[in-house]
Amino acid sequence: MSTRLAELKDIGIRFGERQLLSNINITLHQGEIVTLIGPNGSGKSTLIRTLLDLQQPSSGKVVRHDTLRIGYMPQKLHIDPTLPLTVKHFLGLVRGVNKKQIAPTLAKVGIPHLENSQVHVLSGGETQRLLLARALLNQPNLLVLDEPVQGVDVNGQIELYNLIAAIRDELNCGVFMISHDLHLVMAQTDTVVCVNQHVCCSGSPQHVKDHPAYQALFGVPGADASLAIYSHQHDHVHDDSGEVVEEGHVHSKHCQHHSH
Amino acid sequence: MLELLMRALLGGLGVAAVAGPLGAFVVWRRMAYFGDTLAHSALLGVALGFLLDINLNLAIVVLCVGLALVLVTLQKKQIIATDTLLGILAHSALSLGLVAVSFLDNIRIDLMAYLFGDLLAIGQTDLYWIYGGGLVVMALLVAFWRPLLAMTVNEELAKVEGYPVEAIRLLLMLLVAVVIAVAMKIVGVLLITSLMIIPAATSRKLSQTPVQMATFAGILGCLSVCGGLWASYHWDTPTGPSVVVCAALLFLIAYTLPTRKMAQ
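Thresholds applied
- Residues numbered from 1 in each chain as written.
- Chains lettered and ligands numbered in written order.
- Predicted model: local features only at pLDDT ≥ 70, side-chain atom pairs only at ≥ 80, totals over all residues.
- Helix = DSSP H or I, 4+ residues; strand = E, 2+ residues; numbered from the N terminus.
- Buried ≥ 20, exposed ≤ 12 C-beta atoms within 10 Å, placed from the backbone.
- Contact = placed C-beta atoms within 7 Å.
- Rg over C-alpha atoms; globule rule 2.2 N^0.38 Å.
- Nonpolar A, V, L, I, M, F, W, Y, C, P; charged D, E, K, R; others polar.
- Core = buried A, V, L, I, M, F, W, Y, C linked by C-beta atoms within 7 Å.
- Domains from an automatic or database assignment.
- Pairing = 2+ DSSP bridges.
- Axes fitted to C-alpha atoms, helices over the stretch in contact; angles between N-to-C directions.
- Expected span 1.5 Å × (residues − 1).
- Arc of directions from axis to C-beta.
- Right-handed = clockwise from strand over helix to strand, strands pointing away.
- Left-handed = near helix turned anticlockwise from the far one by under 90°.
- pLDDT = per-residue confidence, 0-100.

*Asks:* Help me out: how do you make sense of the overall build of chain A in this one?
*Replies:* When you go through chain A residue by residue, the secondary structure sums to nine helices and nine strands. The buried share of chain A, taken over its 260 residues, is 42%. Summarising the internal contacts of chain A: among those between residues at least 6 apart in sequence, 69% fall at separations of at least 24.

Listed below in structure tokens is the structure:
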């Protein structure tokens, strides 16, 4: 087994009366992509914030191994419009950054031409890539990505997920990310953890997809025509997901989260 | 007369040079109301200074810093929305100050000077306070520039990358408190915030980077002080408000002139 980077042990989080998360156990390894999936308000972001030490768990503990170095990509970047800031300056704010790394990192995430642009004029996809670059500049062995494809169209989403997988292959870092859409991300993920206040199910993408707990939350896969289009995207990558599309299922109400 | 003017000019320039760059942070982090709250409470500091017979500048600094600490603590508890909290504190502190001042029977204080400033009343000791305090604030601002900016851009990213965000946030609040205490003599409690945010807002129009914006804000502040003093000298207008009017004019000019195409 590859090196462990961090472990969430029996994490429980309460906000006042409300038990947001309970009994969460997740271990993150070098070189492994773990995708967190769950409905809105299921506590995914809170769980990530707990790993990042931005949120204290009410019970359980977070084990961070000595070698752990996190590159974090927040869900959104809001910079006040009164603050003039170029891409280069934004990346220069990384603590202890080697400024020579900025240009190559921008090239790696595919936006080398934006070095001198103001951050306010970037498109959704460019902003996500900029945030990814910032996470990478922290020289991480674990990338923590909170909905990395937010505000990006479907083609852009697939590109971004491919980019993240490619970066994992190159750096052999761990990746822990939140996604709303298992079908888009499943080709590039090793383990899926389905969370809704607790861990509903986890394992390989195929295992989770067929799991009754997942289907209860998200509906039966392949039933939605818009999903069927993408389900073939990963067929050729994961040999065990060949039998995806079963025709004739009735679309479940739970699938509404797919409309962005 | 000339000596009086020189002192006023020196004092005003010292304050504006520091208030500008710090004002940039006030604008970026939307702390204008926070600045107002501290400023309004400064009058209470004056009253306490007289009552306890301690150095006025010291009393104001201590009160502003104390209030900044109280604010940070209350904000963390999230009992009530921050702007409401600031509104309550700002106006009750100002009123408390006015009430406290009315108890000072045997001392006549020029309330107008404290509310709207009196540049021409700057003494030699005030200059020491302005330049001493100003240098300390400037030095800290330069030394902690990157952490301050990283926190301003995104607190969570900064924290994950290992910046001590809580400490830096506190530092910024303390810097604002010190500048307000020092600047109070110049433009008065009701106008201090304007000396911080107006030059910074004007500077935004001219800048491409944070450093530029902070620098220009300082320069624009100094220009406003010069203009305000000149107007005050020629037309016998109140100095503090004249400085603010001058800053506002610069703002108007910057935002109405056609934009020079920036290299993008």
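*Asks:* Looking at this model, I keep getting lost on the overall build of chain B. Mind explaining?
*Replies:* Counting its secondary structure elements, chain B contains 12 helices and zero strands. For chain B, the α and β elements follow one another from N to C terminus as α-α-α-α-α-α-α-α-α-α-α-α. The C-alpha radius of gyration of chain B comes to 18 Å, within 12% of the 18 Å expected for a compact globule of 264 residues. Per-residue burial for chain B yields a buried fraction of 50% across its 264 residues. By sequence separation, contacts in chain B at least 24 residues apart represent 75% of the contacts at least 6 residues apart.

*Asks:* When you look at the interface of chain B and chain A in this model, what are you seeing that I'm missing?
*Replies:* A common measure of how large an interface is: the accessible area buried when the components associate. Taken together, the 22 residues of chain B in the interface contact 20 residues of chain A. When residues of the side of chain B that touches chain A are traced back to their parent elements, those giving at least two are helix H1 (2–28), helix H7 (145–153), helix H8 (155–160) and helix H11 (210–235) of chain B. If one sorts the elements of the side of chain B that touches chain A by residue count, H7 of chain B sits on top with five residues. Here the residues of the side of chain B that touches chain A are counted per class, giving 10 nonpolar, six polar and six charged.

*Asks:* When you look at the nonpolar core in this model, what are you seeing that I'm missing?
*Replies:* One recurring pattern in soluble globular proteins is that nonpolar side chains are buried together. Counting residues in each nonpolar core, the largest one holds 156 residues, and the members touching the most others are Leu22, Ala42, Cys64, Val176, Val179, Ile180 and Ala183 of chain B. The element that contributes the greatest number of residues to this core is helix H9 (residues 165–187) of chain B, accounting for 15 residues. Inspection of this core shows a minimum of three residues originating in each of domain 1 (1–69 + 144–156 + 172–239 + 251–260) and domain 2 (76–139) of chain A. Sequence-distant contacts of Cys64 of chain B, that is, excluding residues within four places in its chain, are made with Leu38, Ser41, Ala42, Gly45, Ala177, Ile180 and Ala181 of chain B.

*Asks:* So what exactly am I meant to see when it comes to the sheet that holds strand S6 (residues 142–145) of chain A here?
*Replies:* Hydrogen bonds along the backbone pair up the strands of a sheet, which may run parallel or antiparallel. Residue and element names in this part refer to chain A. An order of S5-S6-S7-S3-S8-S9 is seen for the six strands of this open sheet, with the pairing classed as mixed. In this open sheet, the two strands that pair with only one neighbour each are strand S5 (70–73) and strand S9 (198–203). When strand polarity is set aside, the average angle formed by the axes of neighbouring strands in this sheet is 15 degrees. For S5 and S6, the ladder comprises four bridges, and the chain directions are parallel. Its bridge partner lying in S6, Ile70 is registered against Leu142. Packing against the sheet, helix H4 (residues 124–137) makes contact with S5 and S6, and its axis sits at approximately 165 degrees to S5.

*Asks:* What am I meant to see in helix H5 (residues 154–171) of chain A here?
*Replies:* For an α-helix, the turn length of 3.6 residues means that residues three or four places apart are oriented alike. All names here are of chain A. The end-to-end C-alpha distance of H5 is 26 Å, a good match for the 26 Å that 18 residues give at a rise of 1.5 Å each. Every buried residue belonging to H5 is among Gln157, Leu160, Tyr161, Ile164, Ile167 and Arg168, and all of these are buried. The buried residues of H5 all sit within an arc of 120 degrees when viewed along its axis, so they share a single face. Counted as exposed and oriented over 90 degrees from the buried face of H5: Asn155, Asn162, Ala166, Asp169 and Glu170. Looking at the residues trailing H5, positive phi occurs at Asn172, about 50 degrees.

*Asks:* Whenever I open this one, the pairing of S6 of chain A confuses me. Can you help?
*Replies:* Looking down a regular strand, the side chains alternate between one sheet face and the other. The side-chain alternation of S6 of chain A yields two buried faces, one formed by Leu142 and Val144 of chain A and the other by Leu143 and Leu145 of chain A. Running through H5 of chain A, the crossover from S6 of chain A to the neighbouring parallel element strand S7 (residues 174–179) of chain A is right-handed.

*Asks:* It is not clear to me how the sheet that holds strand S1 (residues 4–15) of chain A should be interpreted in this structure. Could you clarify?
*Replies:* Residue and element names in this part refer to chain A. Read from one edge of the open sheet, three strands run S2-S1-S4, paired in antiparallel fashion. Only two strands of the sheet have a single neighbouring strand rather than two, namely strand S2 (18–29) and strand S4 (59–64). Adjacent strand axes in the sheet meet at a mean angle of 15 degrees, parallel and antiparallel pairs treated alike. Sheet analysis places S1 next to S4, joined by five bridges and oriented antiparallel. Across the sheet, Glu7 pairs through a bridge with Val63, a residue of S4. Helix-sheet contacts for helix H1 (residues 44–51) involve S1, S2 and S4, and the interaxial angle to S1 is about 125 degrees.

*Asks:* I keep staring at the environment of Gln188 of chain A and nothing clicks. Help me out?
*Replies:* Topologically, Gln188 of chain A is positioned in the loop between helix H6 (182–185) and strand S8 (191–196). For Gln188 of chain A, the residues in contact, after removing those within four places along its chain, are Ile33, Tyr161, Asn162, Ile164 and Ala165 of chain A.

*Asks:* It is not clear to me how the environment of Gly38 of chain A should be interpreted in this structure. Could you clarify?
*Replies:* Residues and elements named next belong to chain A. Mapped onto the secondary structure, Gly38 falls in the loop between strand S3 (33–37) and H1. Using a count of 23 C-beta atoms within 10 Å as the deciding quantity, one classes Gly38 as buried. Here the alpha-carbon distance between Gly38 and Asn196, two residues 158 residues apart in the chain, equals 5.7 Å. In this structure, Gly38 is in contact with Lys44, Cys194, Val195 and Asn196, ignoring residues within four places of it in sequence.

*Asks:* Looking at this model, I keep getting lost on the packing of H1 of chain B against H9 of chain B. Mind explaining?
*Replies:* Angle between the axes and distance between the axes are the two parameters that describe a pair of packed helices. All names here are of chain B. The contact between H1 and H9 brings their axes to 10 Å, and the two run at 145 degrees. Crossing geometry of H1 relative to H9 is assigned as left-handed. Residues Gly11, Gly12, Val15, Val18, Ala19, Leu22, Phe25 and Val26 of H1 pack against Leu172, Leu175, Val176, Val179, Val182, Ala183 and Ile186 of H9. Among the residues forming the contact of H1 with H9, the class breakdown is 13 nonpolar, two polar and no charged.

*Asks:* Please clarify how the confidence of the model for chain A should be interpreted in this entry.
*Replies:* Close reading of the predicted structure is inappropriate where its pLDDT is low. Mean pLDDT over chain A works out to 81, with 84% of the residues at or above the 70 mark. Low pLDDT, under 50, characterises residues 225–260 of chain A; the predicted model gives this stretch 52 contacts beyond four residues in sequence or across chains.

*Asks:* Which parts of the structure should I look at to understand helix H4 (residues 82–102) of chain B?
*Replies:* Residues and elements named next belong to chain B. With 21 residues, H4 should reach 30 Å at 1.5 Å per residue; the first-to-last C-alpha distance of 30 Å fits that figure. For H4, the complete set of buried residues consists of Leu86, Leu89, Ala90, Ala93, Leu94 and Gly97. An end-on view of H4 places all buried positions within 120 degrees of arc, on one side of the element. Facing away from the buried side of H4, by more than 90 degrees, are the exposed residues Thr84, Val99 and Ser102. Buried residues in H4 make contact with helix H2 (32–52).

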